[in-house]
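# Architecture and fold: a report
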Amino acid sequence: MENGVWVFIESDSGTIADVSLELLWKGRELADQLRCELGCFIIGHQVSDAASDLIAYGADMVCVADHAQLVHYLTLPYTRIAVELIKEYRPSIVLIGATSTGRDLAPRIASHMRTGLTADCTDLQIGEYKFGKRIWKELLWQIRPAFGGNVIATIVTPETKPQMATVREGVFRQPDADPAREGTVVDLKPTLTEQDLIFKIVERVKAEKKVNLKSARIIVAGGMGVGSKDNFELVRELAGVLGGEVGATRAAVDAGFVDHERQIGQTGVTVRPNLYVACGISGAIQHRAGMQESSRIIAINTDSDAPIFSVAHYGITGDLNEVIPRMIKAYKEKD
Amino acid sequence: MAYRMVCLMKQVPDTRNITADVLREDGTVNRQALPAVVNPDDLFALEMALDVKDKYGGEITVMSMGPPAAIEVLRDAMSRGADHAILLTDKKFAGADTLATSHVLESAIRKNGPFNLIFCGRQAIDGDTAQVGPQVAEKLDIPQVTFAEAIEFLDQDDIVIRRAIEGGFERIRGRIPLLVTVTNAAANPRPPSIKRKMFWKKAQTRSSVQSEEEGEMLERGLLIPVWGLAEVGCAAEICGFQGSETWIKNVENVKLTAHEPKSFDTSETGIKELINELINEHII
Ligand SMILES: Cc1cc2nc3c(=O)[nH]c(=O)nc-3n(C[C@H](O)[C@H](O)[C@H](O)COP(=O)(O)OP(=O)(O)OC[C@H]3O[C@@H](n4cnc5c(N)ncnc54)[C@H](O)[C@@H]3O)c2cc1C
Ligand SMILES: Nc1ncnc2c1ncn2[C@@H]1O[C@H](COP(=O)(O)O)[C@@H](O)[C@H]1O
């Protein structure tokens, strides 16, 4: 397994997180390109059943750390188990979902291994890197929008292993399961120390995921142009009438117009609905990264130069406060 | 028990404020034109530390790694009630990724330690990485609780924290020393006191004051210590650009193609046309 591609599999009550499956899909592609194996590790309780699924989804090897005390994510034991695995199997690439768990775990591992980590990649590729006279072949290109207008940066970690990256949900697609695939399962039988369990979860309240933006066919999204939390009702109304979900920009989320789970973009969810209606959204690259593959995009913006128009199929230059009510009316009046 | 606390705070360009005037013609952002602010989450981190100080007693040292201008963050933190401030500045610290940043912060904390509680913001808005906190905790070999919303109980060594998880929260119990990263769902930052603000406005680093003023500034407590590589005591190879393991291969401008969307006017007829087209094409 030396030099393989590895994915951390996140699970909750035995269900594998979507983002982990999406990373297996990408991981498989990278491993094939590198002519190496795709490994993954899953830590939790009663997760052994998941192992055969993970092989069907593309893994060549699954390491399972099953323990009653590991039923929910805990920083210290999860990090220790991950680091021990990495030291033993020396993968060249480790991919982790950018969830609240992944964002707690990945930097801890990277810090321990003294290696680089790139957050929220929007693409991953294999390629070479030249610096002066030196050439590295087959490095992981960690691609993400960089802070700044319309710039995409490609980041590499040439000198240390593993090369690590986190990716948000929705960026890659889900693999199809092939029950005929074969692979190895390694049962780690972890023993936990007192130090591992210095922190304990005393209560956990988790609502079922209310919104599933990824599978919505229609999304009506609002940005700062909506103006206020109250006025966001307009966006909700249009979404309701069209039978779609509500989305938002980071700026709108930060301003408290809507919940964080509705954020679309590089640091939110990536979506590809049939129809995306962008209301009062300028179209910054971090936002476009999460919606530009929608089949049809309508942009409503008072500024005819707003970058959102460049990715839109239909454009309305105007005030959303006039346009949205008219859209609702026109839709209701259709015969 | 009086707690010894550190709060790590960063100065960032205000990315919430990217307006047309800071965009260059090629669409890139002129970073210099963005106002520099205290990273928003870091104010929530400081508030959590101040709350511990109010309730149980203790001392807060604020540390910021950045260019000399980052002293502004420390002035702000002192005006809100922090007790000590240290500016971590050195040419060798420049160009750091999160790993290299965490080396410097770890060394500075060790140098000044031991501490019971270390507070960070959840993430810095210039990169949204949320990596530095956990990386520092790992280097200090202490536990961490990320995305904290409140400290609900603290007594000697025991602590209970409420932290955000997707779609809910967790109550987690453990022991200090501990590093906590704080979200903006935590208690709102208190404003700086006017009196303290007027006072700390005058604070300077030693290198920026005239030598004849130095004595008086020192006496009044207005000289903010500056630690460079030597003071922090960290090897140059692991700091800044040199210590960064993520390298930028290239940065590409995304040219927005002059793609013209089909446009509709805002009149009732214009909108009706759009809706009809969507219906005819079975999009809605
Ligand atoms: C590291 C990092 C990660 C980020 N991740 C994300 C992310 O995941 N998702 C995301 O969305 N952003 C993200 N951002 C932020 C992004 O750069 C932009 O700041 C943000 O998308 C802007 O949101 P906005 O379009 O709502 O606001 P603005 O850019 O302020 O745009 C508002 C628009 O509304 C228009 N408008 C105003 N009034 C009206 C009206 N009455 N009718 C119609 N139009 C009107 C204006 O012309 C303007 O174009 C990230 C930034 C960084 C630095
Ligand atoms: N240069 C720095 N100086 C002090 N604290 C920092 C610095 N960089 C990051 N931090 C802390 O780490 C947190 C997360 O930063 P980041 O990993 O960049 O998102 C911030 O909210 C700060 O508390």
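None of these values were measured; they are calculated from a predicted model.

Our focus in this paragraph is the overall build of chain A. Secondary structure summary: chain A contains 9 helices and 18 strands in total. Against the 2.2 N^0.38 benchmark of 20 Å for 335 residues, chain A shows a C-alpha radius of gyration of 22 Å, consistent with a compact globule. Taking the principal axes of the C-alpha coordinates as reference, chain A spans close to 65 × 55 × 40 Å. Taken across its 335 residues, chain A has 59% of its residues classed as buried. Within chain A, counting contacts between residues at least 6 apart in sequence, those at least 24 apart form 62% of the total. Of the roughly 13,300 Å² of accessible surface on chain A, 46% is carried by carbon and sulfur atoms.

With that out of the way, let us pick up the site of ligand 1. If you check the shell around ligand 1, you find 28 residues, and the closest are Thr249, Thr267, Ser282, Gln286 and Asn301 of chain A. One chain alone does not account for the residues near ligand 1; they come from chains A and B. Within the side chain of Gln263 of chain A, an N or O atom sits 3.1 Å from an oxygen atom of ligand 1. Here ligand 1, which alone exposes 990 Å², has 85% of that area covered by the protein.

All names here are of chain A. The sheet built from 7 strands is open, its strands ordered 7-11-6-1-4-5-12 with parallel pairing. Looking at the sheet topology across the chains shown, the edges are occupied by strand 7 (117-121) and strand 12 (184-187). Strand-to-strand twist of the sheet, defined as the mean angle between neighbouring strand axes without regard to direction, takes the value 20 degrees. Pairing of strand 1 (residues 5-9) with strand 4 (residues 38-44), which is carried by 5 bridges, proceeds in the parallel orientation. In the strand pairing of strand 4, Ile9 is matched with Ile42. Together, strand 1, strand 4, strand 5 (61-66), strand 6 (93-97) and strand 12 form the strand contacts of helix 3 (residues 75-89), whose direction differs from that of strand 4 by roughly 155 degrees. This element, helix 4 (residues 100-113), spans strand 1, strand 6, strand 7 and strand 11 (163-167) of the sheet and lies at about 155 degrees to strand 6.

Our focus in this paragraph is the domain arrangement of chain A. Residue and element names in this part refer to chain A. Segmentation of chain A into domains returns domain 1 (5-197) and domain 2 (213-332). Using only C-alpha atoms to locate each centre, domain 1 and domain 2 end up separated by 32 Å. At the interface, 18 residues of domain 1 touch 11 residues of domain 2. Linking domain 1 with domain 2 are 3 salt bridges. Residue Glu22 is joined to Lys214 by a salt bridge in which the shortest nitrogen-to-oxygen separation is 2.6 Å. When the residues that make up the side of domain 1 that touches domain 2 are grouped by side-chain class, the tally is 6 nonpolar, 6 polar and 6 charged.

The strands making up a sheet associate through hydrogen bonds between their backbones, and the pairing can be parallel or antiparallel. On the basis of which strands lie adjacent, the open sheet formed by 10 strands has the order 13(A)-9(B)-8(B)-7(B)-10(B)-6(B)-1(B)-4(B)-5(B)-13(B) and mixed pairing. In this open sheet, the two edge strands, each paired with only one partner strand, are strand 13 (200-206) of chain A together with strand 13 (226-227) of chain B. By the bridge criterion, 2 bridges tie strand 5 (residues 84-88) of chain B to strand 13 of chain B in an arrangement that is parallel. In the sheet register, Leu87 of chain B faces strand 13 of chain B, and the bridge partner there is Val226 of chain B. Contacts between helix 4 (residues 132-140) of chain B and the sheet are confined to strand 1 (3-8), strand 6 (117-121), strand 7 (144-155) and strand 10 (178-182) of chain B, with strand 10 of chain B contributing the most and set at about 180 degrees to the helix.

Next up on the list: the pattern of salt bridges. The full count for this structure, using the stated rule, is 48 salt bridges over all chains. Across the pair Lys272 of chain B and Glu333 of chain A runs a salt bridge whose closest N-O atoms are separated by 3.5 Å. Here Glu333 of chain A lies in the segment after helix 9 (320-332) and Lys272 of chain B lies in helix 8 (residues 268-280), a pairing that spans two chains. Owing to a relative accessible area of 42%, Glu333 of chain A belongs among the partly exposed residues under this scheme.

Residues and elements named next belong to chain B. Around ligand 2 sit 18 residues, and of these Leu8, Asp42, Ala124, Thr129 and Gln131 come closest. Here Gly121 contributes a backbone N or O atom positioned 2.9 Å from an oxygen atom of ligand 2. Contact distances for ligand 2 include 2.8 Å between an oxygen atom and a backbone N or O atom of Gln131. Isolated, ligand 2 exposes 480 Å² of accessible area, and the fraction of that covered by the protein chains is 97%. Per element, the largest residue contribution to the shell around ligand 2 is 3 residues, and it comes from strand 4 (residues 58-65). For the shell around ligand 2, the residue count by class is 9 nonpolar, 7 polar and 2 charged.

Of all hydrophobic cores here, the largest spans 74 residues; its most connected members are Leu117 and Phe119 of chain B. Looking at this core element by element, the count peaks at 8 residues for helix 1 (residues 40-56) of chain B. By size, the runner-up hydrophobic cluster in this structure holds 35 residues, among which are Val258, Leu320 and Ile328 of chain A together with Leu274 of chain B.

With that settled, the discussion passes to the interface of chain A and chain B. Counting residues at the interface gives 81 residues for chain A and 76 residues for chain B. In total, chain A and chain B occlude about 6,800 Å² of area from one another, counting both sides; carbon and sulfur atoms represent 59% of this. Three residues, Arg108, Phe147 and Phe199 of chain A, lead the burial of chain A against chain B; their summed loss comes to 12% of the area buried on that side. Viewed at the interface, chain B and chain A are joined by 8 salt bridges. Our count for the chain A to chain B interface comes out at 33 residue pairs in polar contact (both at pLDDT 80 or more). Classifying every residue of the side of chain A that touches chain B by side-chain character gives 38 nonpolar, 22 polar and 21 charged. With 6 bridges joining them, strand 13 of chain A and strand 9 (residues 168-175) of chain B adopt antiparallel strand pairing. Its bridge partner lying in strand 9 of chain B, Lys200 of chain A is registered against Arg173 of chain B.

The subject of this paragraph is the packing of helix 1 of chain B against helix 2 (residues 71-80) of chain B. Residue and element names in this part refer to chain B. Look at helix 1 against helix 2: their axes get within 11 Å of each other, and the N-to-C directions meet at 35 degrees. Here helix 1 and helix 2 pass one another in a crossing that is right-handed. Contact residues: Leu43, Leu46 and Leu50 in helix 1; Asp76, Ala77 and Arg80 in helix 2. Looking at the contact of helix 1 with helix 2 residue by residue, the classes come out as 4 nonpolar, no polar and 2 charged.

All chains considered together, the criterion is met by 14 aromatic pairs over all chains. Following the ring pairs from residue to residue traces out a cluster consisting of Trp6, Phe8, Phe41 and Tyr89 of chain A. The ring of Phe115 of chain B has Arg4 of chain B lying over it, and the distance from NZ or CZ to the ring centre is 4.6 Å. Lying across the ring of Phe169 of chain B, Arg162 of chain B places its NZ or CZ 3.9 Å from the centre.

All names here are of chain A. The terminal C-alpha atoms of helix 4, which comprises 14 residues, lie 21 Å apart, in line with the 20 Å expected from a rise of 1.5 Å per residue. For helix 4, a buried count of 13 out of 14 residues is recorded, marking the element as mostly surrounded by other parts of the structure. Phi for Arg114, located one or two positions after helix 4, is positive at around 50 degrees.

What counts and how
Residues numbered from 1 in each chain as written. Chains lettered and ligands numbered in written order. Predicted model: local features only at pLDDT ≥ 70, side-chain atom pairs only at ≥ 80, totals over all residues. Heavy atoms only, no water. Helix = DSSP H or I, 4+ residues; strand = E, 2+ residues; numbered from the N terminus. Rg over C-alpha atoms; globule rule 2.2 N^0.38 Å. Buried < 20%, exposed > 50% of the residue type's maximum accessible area, 1.4 Å probe, protein only. Contact = heavy atoms within 4.5 Å. Areas by Shrake-Rupley, 256 points an atom, 1.4 Å probe, with all protein chains shown as cover. Near = heavy atom within 4 Å. Polar contact = N/O pair within 3.5 Å; in protein donor to acceptor, adjacent residues only side chain to side chain. Pairing = 2+ DSSP bridges. Axes fitted to C-alpha atoms, helices over the stretch in contact; angles between N-to-C directions. Domains from an automatic or database assignment. Salt bridge = Lys/Arg side-chain N within 4 Å of Asp/Glu carboxyl O. Nonpolar A, V, L, I, M, F, W, Y, C, P; charged D, E, K, R; others polar. Core = buried A, V, L, I, M, F, W, Y, C linked by side-chain atoms within 4.5 Å. Buried area = accessible area lost by both parts, 1.4 Å probe. Left-handed = near helix turned anticlockwise from the far one by under 90°. Phe/Tyr/Trp six-rings, centres within 6.5 Å; stacked < 30°, edge-to-face > 60°. Lys NZ or Arg CZ within 6 Å of the ring centre and 35° of its normal. Expected span 1.5 Å × (residues − 1).

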